[in-house]
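# Reading the structure
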Amino acid sequence: MQLTGDRFTQEAATFGNDLSTLPNFPAEIRAPQGTMAGVSSFQLHFADHDILTPGDRPDVLVAMNPAALRANVGDLRAGATLIVDTHDFTTRNLTKVGYASNPLEDGSLDDLALHAIDLTGMTVEAVKEFGLSRKDAARAKNMYALGLVSWLYGRDVEGTETWLAKKFAGKTAIRDANVAALHAGWYFGETTETFAVSYTVKPATVAPGRYRNITGNTALSYGLVAAGQLSGLPIFLGAYPITPASDILHELSRHKNFGVTTFQAEDEIAGIGAALGASYGGALGVTSTSGPGVALKAETIGLAVMLELPLVVVDVQRGGPSTGLPTKTEQSDLLQAMYGRNGEAPLPVVAPRSPADCFDAAIEATRIAITHRTPVMLLSDGYLANGSEPWALPDVADLPRIDPGFATVPGEDETFLPYSREPETLARPWAPPGVAGLEHRIGGIEKADGTGAISYDPDNHDLMVRTRQAKVDAVQVPDVEVDDPSGDARLLVIGWGSTYGPIGAGVRRVRRRGEAVAQVHLRHLNPFPANLGAVLSGYDRVVCPEMNLGQLATLLRDRYLVDVRRLTSVRGMPFGAEQLEHEFLDHLSELSDLTTDQPTDVEVSR
């Protein structure tokens, strides 16, 4: 299903549609067949206009077995198109997922445009000339379904033909069978009278440029490669495979020609230790992981804070705690990023808002790390990592250069001070080992101001702790931009990370009702933009949707003493635009009631 969804996505992207995807698959490598836990799905929203989410409710659902039907049919609105492969609707399979009767026959699906088709049997018949076993022949049913849906939306299949020819270049029978199944599905849609209508979704109107479809993990990887080129530094990734961050390791391993070295470590601690060692040696050290890995890396992140070396820590968040929901999304590591280390160990935190934005966020995190000599936490999540959207390839000449500013050897009458400070950034010199005149000692014990010698002096410790905090506070981040077209909104919705799309879609729906609502979205979570406090205090009510139990809301309430209302979800899935629309309307209604209930001044004449 993931492969099938990806192929339709590529065709939609090539055609010029705007799109957003939501892959959803089980954590088990081989989940129990025919069970709800084993269902793998791929949701795609494509349009002839700008869209922000994978959609709340599909217009078309293709269910390949009873488990897939039961897991997803509840998302459909009345009148939606439902295509079901009837082949596996046996009594045993129906009972396994909790159906007391066959839903294809008991009338429970009467409010849907149901098309019950033996896709498996038709596929086996279409490919019988290629001499495959029945099992191998049946595996081509996803291509049959793809051909049918391609016909339904007027899409060519030439791109998928080319892809199949490349993928199965050494297996001609399998290649030809899949191509035959693809065409058979397309022609079934064309010749049958089962489907009353087909659809045409025109290309979206977008700014001129060169586009490609990209996932968040790929975009983030490209951003790190670009940051290496922009800074002139080699990239070293020390990582241990973990869902949903592993694709960053896979992607960066392909780019040795850009000076990228990847090290698949034996564990999370070894991965970040090697990355920090690379930064000490003058490279850009990067480590990628998810929440459980951040917990294991915490001590070394604290060491990086003490050493004041650049380090990018990528956290692709997932449902927790512990192993939690490895293949589902969540935003529950924000407080871990802010405070999840011993002692006062502050570091900047950056969060991309969409799959394509992962590219720019990676460059920004790298800029901060190098310029301010600090570890930086880059918070992506499973929704961004696996989801995809069109990405306009940037003009390389427009990307900001990053100056590593290595330390220079002092003059004859001067002494190198490894913990001296740049006036604006408070960054200490970056002095890789092996340079005569820049010899210095580093380690995890507290440093003396300036000299970097080991110090147990209480006043020095107080000074260094406050200096490290001041260095993070000094990071230059742009002012937050407020989206408030009417200029008189009383409700402000604030979010961070991957909630950007659902919040934006929900806000659009509210505005189409004629209501005024403002929106703010944060990329920089530490430090906050300088104008954020003034923005928050300018609205009667602030609402913060998060895929956690209110972590950003907690930070905002603490920092600015504003009554930020929490709107939370921890279901492993992104918010729905319709859900947020109703939530925002409820808040607007409450604000209206409060205004109505306020006493008014009355002038009385005697």
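Up top is the structure these notes are about.
Below is a short write-up of the structure. Treat the numbers as computed from the prediction; the structure is a model and nothing was measured.

The subject of this paragraph is the sheet that holds strand β3 (residues 60-63). With parallel pairing, 3 strands are arranged side by side in an open sheet as β3-β4-β5. Strands at the two margins of the open sheet, each flanked by one partner only, are β3 and β5 (113-117). With strand direction ignored, the average angle separating the axes of adjacent strands in the sheet is 15°.

What follows concerns the nonpolar core. If you look at the biggest cluster of nonpolar residues, it comprises 86 residues, and the most contacted ones within it are Leu334, Val349, Met377, Ile494, Leu522, Leu525 and Leu552. Per-element tally for this core: the top contributor is helix α14 (residues 357-372), with 9 residues. Beyond its immediate chain neighbours, meaning those up to four positions away, Leu522 contacts Ala351, Val480, Ile494, Gly495, Trp496, Gly497, Phe528, Pro529, Leu532 and Leu552. Counting 34 residues, the second-largest nonpolar core is a separate cluster that includes Leu119, Val127, Leu148 and Tyr153.

With respect to the helices, strands and loops of the structure, Ala345 is situated in the loop between α13 (334-339) and β11 (349-350). In sequence terms Ala345 and Ile301 are 44 residues apart; their C-alpha atoms lie 8.5 Å from each other.

With 6 of 6 residues buried, strand β14 (residues 491-496) lies mostly within the body of the structure. With burial as the criterion, each face of β14 is covered, one bearing Leu491, Val493 and Gly495 and the other bearing Leu492, Ile494 and Trp496. As paired elements, β14 and strand β17 (residues 541-546) share 3 bridges and run parallel to each other. Residue Val493 lies in a different strand from β17, and its bridge partner there is Val543. Note on the crossover from β14 through helix α17 (residues 500-512) to strand β15 (residues 518-522): the handedness is right-handed.

With that settled, consider a negative patch on the surface. Taken together, the side chains of Glu105, Asp106, Asp110 and Asp111 make up a negatively charged region of the molecular surface. With respect to the secondary-structure elements, Asp110 resides in the loop between α3 (91-96) and β5. Taking the relative accessible area as the measure of exposure, Asp110 reaches 65% and is therefore exposed.

Definitions and cut-offs
Residues numbered from 1 in each chain as written. Predicted model: local features only at pLDDT ≥ 70, side-chain atom pairs only at ≥ 80, totals over all residues. Heavy atoms only, no water. Pairing = 2+ DSSP bridges. Helix = DSSP H or I, 4+ residues; strand = E, 2+ residues; numbered from the N terminus. Axes fitted to C-alpha atoms, helices over the stretch in contact; angles between N-to-C directions. Core = buried A, V, L, I, M, F, W, Y, C linked by side-chain atoms within 4.5 Å. Buried < 20%, exposed > 50% of the residue type's maximum accessible area, 1.4 Å probe, protein only. Contact = heavy atoms within 4.5 Å. Right-handed = clockwise from strand over helix to strand, strands pointing away. Patch = residues over 30% accessible without salt bridge, like charges linked within 9 Å, V, L, I, M, F, W, Y side chains within 5 Å. Areas by Shrake-Rupley, 256 points an atom, 1.4 Å probe, with all protein chains shown as cover. Salt bridge = Lys/Arg side-chain N within 4 Å of Asp/Glu carboxyl O. Lys, Arg positive; Asp, Glu negative; His and termini not counted. Charge placed at Lys NZ, Arg CZ, Asp CG, Glu CD.

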